[in-house]
Amino acid sequence: MVAHPKTCAHIALITVVLSLLLPAPVAWVAAASLRPFDEDPTAPLVPFWTYSPKDETETGAQFGAAVGFAGDLDGNGHTDILIGAPLAAYAGSRQGLVYLFCASTASAPLPDLPNAILSGGQQGSSFGAAVGAAGDVDDDGFDDLVIGAERWNPGDLSQAGAAFVY
C-alpha cells in the first residue's frame, strides 16, 4: 500500500555525492527527511545522517559508486544499507570495499561507523561496483546481500566479473 504524499511526514531519501574536485577525498551519503508537501517547498533538505570515509580511504576509492538497501541483515526490523567503493585499497591493493551500515532504531537510524567492511580479495576486481539486497537466499531467516565485482578474474578469464551472495 502506498500512502498519499500529504500523509507522509517523512520520506527516507538516500543521496550519494562524490566530489573529485577537492584535494582531500570527500564522499558522503546523506539521508534527508522530506517535509509534507503543504509545508514550504523551497526550504533546503537537511541530512539526518552523513558518513565520510575520508580518513579511511584514499583519493579515487569511488566511495558511493554503488548504494543500495541491504534488507534487514541483523533481523532487528530496520532496513540496513550498503555503500560500495570499488577502487578502495585494502591490504595494499585496490580490490574494492563494501561498507555495511545496520540501522538500529528510528531515533538513531544509522551508526557513526560501519558495522562491517567487506573486501574483494582480488587486485583490480572492482568489488562493490554493484550492491543490493538478495532476500533470504539461504533460508536462514535473515536477509542476504549480493555484491558485484565487475572485473573479477576467475581462473584464466580476464575481467569476466562475479557476483557474491552473503
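I will try to describe carefully the structure that is included in this document.

Quick word on the overall build of the chain
- Each helix and strand counted, the chain has 0 helices and 12 strands in total.
- The helix and strand sequence of the chain, counted from the amino end, reads β-β-β-β-β-β-β-β-β-β-β-β.
- For the chain, the residues scored as buried account for 33% of the 166 residues in total.
- In the chain, 42% of the contacts between residues at least 6 apart in sequence involve partners at least 24 apart.

Some remarks on the side chain of S93
- Of note, S93 is situated in strand β7 (residues 93-94).
- Here Q123 takes part through its side chain, which lies 3.4 Å from a polar atom of the side chain of S93.
- For S93, the contacting residues outside a window of four places in its chain are A88 and Q123.

Quick look at the sheet that holds strand β10 (residues 127-135)
- Taken in spatial order, the 3 strands line up as β10-β11-β12 in an open sheet, and their pairing is antiparallel. Both outer strands of the open sheet, β10 and β12 (162-165), are each paired with one neighbouring strand and no more. Recorded for the sheet is a direction-independent mean angle of 20° between the axes of neighbouring strands.
- The pairing of strand β11 (residues 144-149) with β12 spans 4 bridges and is classified as antiparallel.

Structural notes on the sheet that holds strand β5 (residues 80-85)
- Pairing is antiparallel in the open sheet, where 4 strands are placed in the order β4-β5-β8-β9. One side of each edge strand has no neighbouring strand; the edge strands of this open sheet are β4 (66-71) and β9 (116-119). Direction aside, the axes of adjacent strands within the sheet are offset by 25° on average.
- Bridge analysis of β4 against β5 gives 5 bridges, and the strand direction is antiparallel. When the sheet's bridge partners are listed, A66 is paired in β5 with G84.

Cut-offs used in this document
- The residue count restarts for each chain, going from 1 along the sequence in the order it is written.
- Local features in this predicted model are restricted to residues of pLDDT 70 or higher, and side-chain atom pairs are both shown and tallied only at a pLDDT of 80 or more, whereas totals for entire chains, interfaces and linings draw on every residue.
- Just so you know, side-chain values use all the structure's heavy atoms and leave hydrogens and water out.
- Helical segments are the DSSP runs of H or I of at least four residues, strand segments are the runs of E of at least two, and each set is numbered from the N terminus.
- Note on exposure labels: buried denotes an accessible area under 20% of the residue type's maximum, exposed denotes more than 50%, and partly exposed covers the range between, all computed with a 1.4 Å probe on protein chains only.
- By definition in these notes, contact holds between two residues if any of their heavy atoms fall within 4.5 Å.
- The term polar contact refers here to a pair of N or O atoms within 3.5 Å; inside protein, the definition further demands a hydrogen-donor-capable atom paired with an acceptor-capable atom, and it admits residues adjacent in sequence only when both atoms are side-chain atoms.
- Any two strands between which DSSP finds at least two bridges are classified as paired.
- An axis is simply a line fitted to the C-alpha atoms; with a helix, the fit covers only the stretch in contact. Between two such axes, the angle follows the N-to-C directions and lies from 0 to 180 degrees.

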